[in-house]
Structure formats: C-alpha cells, structure tokens
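Structural overview
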Amino acid sequence: DGGITQSPKYLFRKEGQNVTLSCEQNLNHDAMYWYRQDPGQGLRLIYYSQIVNDFQKGDIAEGYSVSREKKESFPLTVTSAQKNPTAFYLCASRPTQGQYEQYFGPGTRLTVT
Amino acid sequence: GQNIDQPTEMTATEGAIVQINCTYQTSGFNGLFWYQQHAGEAPTFLSYNVLDGLEEKGRFSSFLSRSKGYSYLLLKELQMKDSASYLCAVRDPYNTDKLIFGTGTRLQVFP
C-alpha cells in the first residue's frame, strides 16, 4: 500500500530534550512538508523540501530542524529551543508534476512536560 | 498579508444539507482546496477549484468565485460520519508549492 507513515502516534518528552519525529512516504513524491496544528488554529508550515538534500523554512521554523537525505524520508527534530512544542504534527507530500494536492500522514501528537 | 476566514463551528441534522463558507484575501490566486479532517486524524483531500463555478463529487460540491474571493463546500444528505473539521486552503500566491490554511470549520451532525 502506498502512503505516508508517521511514527509514533503519541510521543511524550521532558522539557529540554530534543525529539525527532519520523515521516516516510512510498508514493515517490518529490515534495514533503511538515505542519504543526494547535487547537483553534490552522495548519502552520514548519519546513518543506522540494528535492533531496534541499529544504526551506516555512512560517514557524524557529526551534525546529529537518533533513532530506532520501526522497522517502523527511524527519523533523523539535529542539529544546522550541518554546511551545506540545502540538499535533502532520507530515505531507506532493508530486511536483501535475497534481497540486498534498497527501497527509496520520500525525504525531507530541506532549512535552 | 494573506488571510482566510471560515466559521469556527456549525451544526446540522442527519439527512440535511449544509454549506460551509470560506473567504480569502490574498494578493493573487492560484487555486483553493478543501480538506476533511476527523479529530486526531490526517486531513484528506476533498476538492480543488481554480476556475469559477461548481465542482460536484457525489454528496460533496465545491464552488468558487474568484472575483468575490469566496468559496463554499456543500454537503448533501448529511451522515453522522460527516462530523469533522473542514479546512479551506489556498495556494500561496508567492510560492505555489505552499498552501495557506484557514482555521477550519468544525461540523457536528446530529441524528
């Protein structure tokens, strides 16, 4: 089955720790995205990548880092510099040719205490 | 700046029709999307409008008026499973690889 996987579904961390969220896709999509979703707010773009070994900051990149070493994988690290890391994190991908819609993974709910 | 407005919450009855509105104020326009998101789950794609008019897909239809900066999602024959949030998003006029999302409309369907 083709799709996007994010693991784990729920993640708990102590304040001050870095944590990496996994995102893998087997759709052969070129572009990948990370969003953050908070209650009462729309999806906000953290980082995106249109091609391997290249990525761009989104609207709220501070306190986050990413890498894109493989086409299939786009991990997100939430660093201790992120002031309010508790949120629902969604990964998405999109082919760069033809279609415009983004396909989303199931999300990871991160709780930092 | 770019801005998208949607009602925060709506309620409707099973079997009825509901219209969810979305207005946008952007410096340009390259397309509008509707997504459905059940609580705690991934958004799923419903429709894409780039030209004025109505696009129908089964029980769901989406309308766009570019001159008015307005779209709506029409849900017919509502079912309990339609209880979800509905997200309106437009392609960023400065970078079409990016989407700008509204805050979403939470729809509750009652029996």
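Each chain has its residues counted from 1, running along the sequence as written. As a convention, the first chain written is A and the first ligand written is 1, with the rest following in written order. The model is predicted, so local features are restricted to residues of pLDDT at least 70 and side-chain atom pairs to those at 80 or more, both for listing and for counting; the totals for chains, interfaces and linings are taken over all residues. Only hydrogens and water are set aside when side-chain values are computed; all heavy atoms of the structure are taken into account.

1. Some words on the nonpolar core
In a soluble, globular protein the nonpolar side chains are often hidden away together inside. Throughout this description, the term nonpolar core refers to a set of buried Ala, Val, Leu, Ile, Met, Phe, Trp, Tyr and Cys residues connected via side-chain atoms within 4.5 Å. Only protein chains enter the accessibility calculation, which uses a 1.4 Å probe; a residue is then buried when its area is under 20% of its type maximum, exposed when over 50%, and partly exposed in between. If you look at the biggest cluster of nonpolar residues, it comprises 21 residues, and the most contacted ones within it are B:Trp34, B:Leu75, B:Tyr86 and B:Leu107. The set of elements that each furnish at least two residues to this core consists of strand S3 (18–25), strand S4 (32–37), strand S7 (60–65), strand S8 (70–75), strand S9 (84–92) and strand S11 (105–110) of chain B. Counting residues in each nonpolar core, the second largest holds 20 residues, with A:Leu11, A:Tyr64, A:Val78 and A:Cys91 among its members. Helix and strand definitions follow DSSP, with helices as H or I runs of at least four residues and strands as E runs of at least two, each counted in order from the N terminus.

2. Examining the packing of aromatic side chains
Any two rings among Phe, Tyr and Trp, with Trp reduced to its six-membered ring, count as a pair given centres within 6.5 Å; such a pair is stacked if its planes are under 30 degrees apart, edge-to-face if over 60, and tilted if neither. Enumeration according to the criterion identifies 17 aromatic pairs over all chains in this entry. With a centroid separation of 4.9 Å and 20 degrees between ring planes, the pair formed by B:Phe63 and B:Tyr72 is classed as stacked. On the basis of relative accessibility, which here comes to 23%, the residue B:Phe63 falls in the partly exposed class. What links up through ring pairs into an aromatic cluster is the set A:Tyr33, A:Tyr35, A:Tyr48, A:Phe104, B:Phe33, B:Tyr35, B:Phe45, B:Tyr48 and B:Phe101. Two thresholds decide whether a charge sits over a ring: the Lys NZ or Arg CZ must be within 6 Å of the ring centre and within 35 degrees of the ring normal. Sitting over the ring of A:Phe74, A:Arg68 keeps its end group 6.0 Å from the ring centre.

3. Examining the interface of chain B and chain A
Contact with chain B, which involves 18 residues of that partner, is made by 22 residues of chain A. When chain B packs against chain A, the two sides together hide about 1,600 Å² of surface, and 55% of this comes from carbon and sulfur. Looking only at chain B, the three residues that lose the most surface to chain A are B:Asp97, B:Lys98 and B:Phe101, adding up to 32% of its buried area. Just to be clear on terms, a salt bridge is a Lys or Arg side-chain nitrogen sitting within 4 Å of an Asp or Glu carboxyl oxygen. The interface formed by chain B and chain A contains 2 salt bridges. The contact criterion used throughout is that any non-hydrogen atoms of two residues lie within 4.5 Å. Once two parts are put together, the accessible area they lose, assessed with a 1.4 Å probe and summed over both, is termed the buried area.

4. Quick notes on the pattern of salt bridges
A full pass over the atoms with the stated rule returns 10 salt bridges over all chains. Between A:Arg36 and A:Asp38 there is a salt bridge, with its nearest N and O atoms 2.8 Å apart. Judged by relative accessible area, A:Arg36 falls into the buried class, the value being 6%. We note a salt bridge from B:Arg66 to B:Asp52, for which the minimum N-O separation is 3.0 Å. Placement of B:Arg66 in the loop between S7 and S8 and of B:Asp52 in the loop between strand S5 (44–49) and strand S6 (53–57) is noted, with a sequence separation of 14 residues between them. What you see here is one network of salt bridges that share partners, running through A:Arg36, A:Asp38 and A:Arg44.

5. Looking at the sheet that holds strand S7 (residues 64–66) of chain A
Residue and element names in this part refer to chain A. Two strands are counted as paired when DSSP detects at least two bridges linking them. With antiparallel pairing, the 4 strands of this open sheet are ordered in space as S1-S3-S8-S7. A single partner strand is all that each edge strand has here, and the edge strands are strand S1 (4–7) and S7. Neighbour-to-neighbour, the strand axes of this sheet turn through a mean angle of 20 degrees, independent of strand direction. Bridging between strand S3 (residues 19–25) and strand S8 (residues 76–78) involves 3 bridges; their strand directions are antiparallel. From the neighbouring strand, Leu21 faces S8, where its bridge partner is Leu76. Every axis corresponds to a line fitted to the C-alpha atoms, with the helix fit spanning only the stretch in contact, and the corresponding angles, defined between N-to-C directions, vary from 0 to 180 degrees.

6. Brief notes about the sheet that holds S6(B)
All names here are of chain B. Spatially, 5 strands are ordered S1-S3-S8-S7-S6 in an open sheet, and the strand pairing comes out antiparallel. Edge positions in the sheet fall to strand S1 (3–5) and S6, since each has one partner strand and no second. Ignoring which end each strand starts from, the neighbouring axes of this sheet average 15 degrees apart. Bridge count between S6 and S7: 5 bridges; the pairing is antiparallel.

7. Some points on the state of the cysteines
One way to say it: the disulfide is the covalent bond shared by the sulfur atoms of two cysteines. Our working definition of a disulfide is a cysteine sulfur pair at a distance within 2.5 Å. According to the stated counting rule, one finds 2 disulfides over all chains in the structure shown. Through a disulfide, A:Cys23 is tied to A:Cys91; the S-S separation comes to 1.9 Å. With the S-S bond torsion at -70 degrees, the cross-link from A:Cys23 to A:Cys91 turns out left-handed. Here the residue A:Cys23 occupies a position in strand S3, and A:Cys91 occupies one in strand S9 (residues 87–94), the gap between them amounting to 68 residues. We note that A:Cys23, like A:Cys91, is buried. Through a disulfide, B:Cys22 is tied to B:Cys88; the S-S separation comes to 2.0 Å. One quick way to see it: the torsion about the S-S bond of B:Cys22 and B:Cys88 is about -70 degrees, and its sign makes the bridge left-handed. Taken together, the residues span a long stretch of sequence, with B:Cys22 in strand S3 and B:Cys88 in strand S9 at a distance of 66 residues. Like B:Cys22, the residue B:Cys88 is buried in the burial classification.

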